[in-house]
Amino acid sequence: MADMGRPKSEHPKKKILSVRVDDSLYQRIYAYAERHGMNVTEVVLQALEKLISKRE
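All chains use their own residue numbering, which begins from 1 and follows the written sequence. At least 70 in pLDDT is required for a residue's local features to be given in this predicted model, at least 80 for side-chain atom pairs to be given and counted, and no such filter applies to totals for whole chains, interfaces and linings, which use all residues. Hydrogens are left out, water is left out, and the side-chain values use all remaining heavy atoms of the structure.

**Q** I would appreciate a short explanation of the overall build of the chain in the present structure.
**A** Secondary structure elements are defined from DSSP: runs of H or I of at least 4 residues count as helices, runs of E of at least 2 residues count as strands, and each element is numbered from the N terminus. Across its full length, the chain carries two helices and zero strands. Against the compact-globule benchmark of 10 Å for 56 residues, the chain has a radius of gyration of 15 Å, which places it well outside the compact range. If one aligns the C-alpha atoms of the chain with their principal axes, the spans along those axes are about 50 × 30 × 20 Å. In the chain, which comprises 56 residues, the proportion classed as buried is 7%. Using the Shrake-Rupley algorithm and a 1.4 Å probe, accessible areas are obtained, with residue cover drawn only from the displayed protein chains. Accessible surface computed for the chain: about 6200 Å², of which carbon and sulfur atoms make up 53%. Measuring between centres, the 11 positive side-chain charges of the chain sit 4 Å from its 8 negative side-chain charges. Here the globule rule is a power law, 2.2 Å times the number of residues to the power 0.38, and the radius of gyration is based on C-alpha atoms. Buried, partly exposed and exposed residues are distinguished by accessible area as a fraction of the type maximum, computed with a 1.4 Å probe on protein chains only: under 20%, between the cut-offs, and over 50%, respectively. Only four residue types enter the tally: Lys and Arg on the positive side, Asp and Glu on the negative side; His and the chain ends are excluded. One atom stands in for each charge, and that atom is NZ of Lys, CZ of Arg, CG of Asp or CD of Glu.

Following this line, the structure appears as structure tokens:
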């Protein structure tokens, strides 16, 4: 029988970060995500990657 469920990722995400933001920042992130066809997680991950790459 074939495996069921989501296929395994090449780079599984095993760590969880939790960030608290105020309502204003959350609304800005959410609006950005909607405008660009993304979800909030994708926006935050891309922003962090860009910030870290810029500083290295």
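Moving on from the coordinates now.
**Q** What is the right way to read helix H2 (residues 40-55) from this model?
**A** Residues spaced three or four apart along an α-helix point in a common direction, a consequence of the helix completing one turn every 3.6 residues. Helix span, as expected, comes to 1.5 Å for every residue beyond the first. The terminal C-alpha atoms of H2 lie 23 Å apart, and with 16 residues this matches the ideal 22 Å at 1.5 Å per residue to within 8%. N or O atoms within 3.5 Å of each other form a polar contact, as long as, within protein, one can give a hydrogen and the other can take it, and as long as residues adjacent in sequence are counted only when both atoms are side-chain atoms. Looking at where H2 begins, the residue whose side-chain oxygen comes 3.1 Å from the main-chain nitrogen of Thr41 is Asn39.

**Q** I'm lost on helix H1 (residues 23-35) in this one. Help?
**A** Helix length check: H1, at 13 residues, gives a terminal C-alpha distance of 18 Å against a target of 18 Å (1.5 Å per residue), a fit within 8%. Positive backbone phi, at 65 degrees, marks Gly37, one or two positions downstream of H1.

**Q** Explain the packing of H1 against H2 here, please?
**A** The angle between the axes and the distance between the axes are what describe a pair of packed helices. Orientation of H1 relative to H2, taken along the N-to-C sense of each, is 100 degrees, at an axis distance of 8 Å. In terms of orientation, H1 lies roughly perpendicular with respect to H2. In this structure, H1 uses Tyr26, Ile29, Tyr30, Tyr32 and Ala33 to contact H2, whose residues at the interface are Val40, Val43 and Val44. Looking at the contact of H1 with H2 residue by residue, the classes come out as eight nonpolar, no polar and no charged. Note on geometry: axes are C-alpha line fits, over the in-contact stretch for helices, and angles between N-to-C directions span 0 to 180 degrees. Every angle not falling under 35 degrees, over 145, or within 65 to 115 is termed oblique; those three ranges are roughly parallel, roughly antiparallel and roughly perpendicular. Here a residue-residue contact requires only that any non-hydrogen atoms of the pair lie within 4.5 Å. Amino acids are sorted into nonpolar (Ala, Val, Leu, Ile, Met, Phe, Trp, Tyr, Cys and Pro), charged (Asp, Glu, Lys and Arg) and polar (every other residue, Gly among them).

**Q** Is there a simple way to explain a nonpolar patch on the surface in this structure?
**A** Only residues above 30% relative accessible area that lack a salt bridge enter a patch, with like-charged residues linked at up to 9 Å and the nonpolar side chains Val, Leu, Ile, Met, Phe, Trp and Tyr linked at up to 5 Å. The term salt bridge refers to a pairing of a side-chain nitrogen on Lys or Arg with a carboxyl oxygen on Asp or Glu at a separation within 4 Å. Together, Leu17, Val19, Val21, Leu25, Tyr26, Tyr30, Val44, Leu48, Leu51 and Ile52 give the surface a local cluster of nonpolar side chains, amounting to about 890 Å² of exposed area. Looking at the nonpolar patch, the elements with two or more residues in it are H1 and H2. When residues in the nonpolar patch are grouped by element, the largest group, four residues, is from H2. Structurally, Val21 is set in the segment before H1.

**Q** What's the story with the environment of Ser9 in this structure? I'm lost.
**A** Within the secondary structure, Ser9 is located in the segment before H1. Through-space distance from the C-alpha of Ser9 to that of Leu25 is 31 Å; in sequence the pair is 16 residues apart. Among the polar contacts listed, one links the side chain of Ser9 to the backbone nitrogen of His11, at a separation of 3.1 Å.

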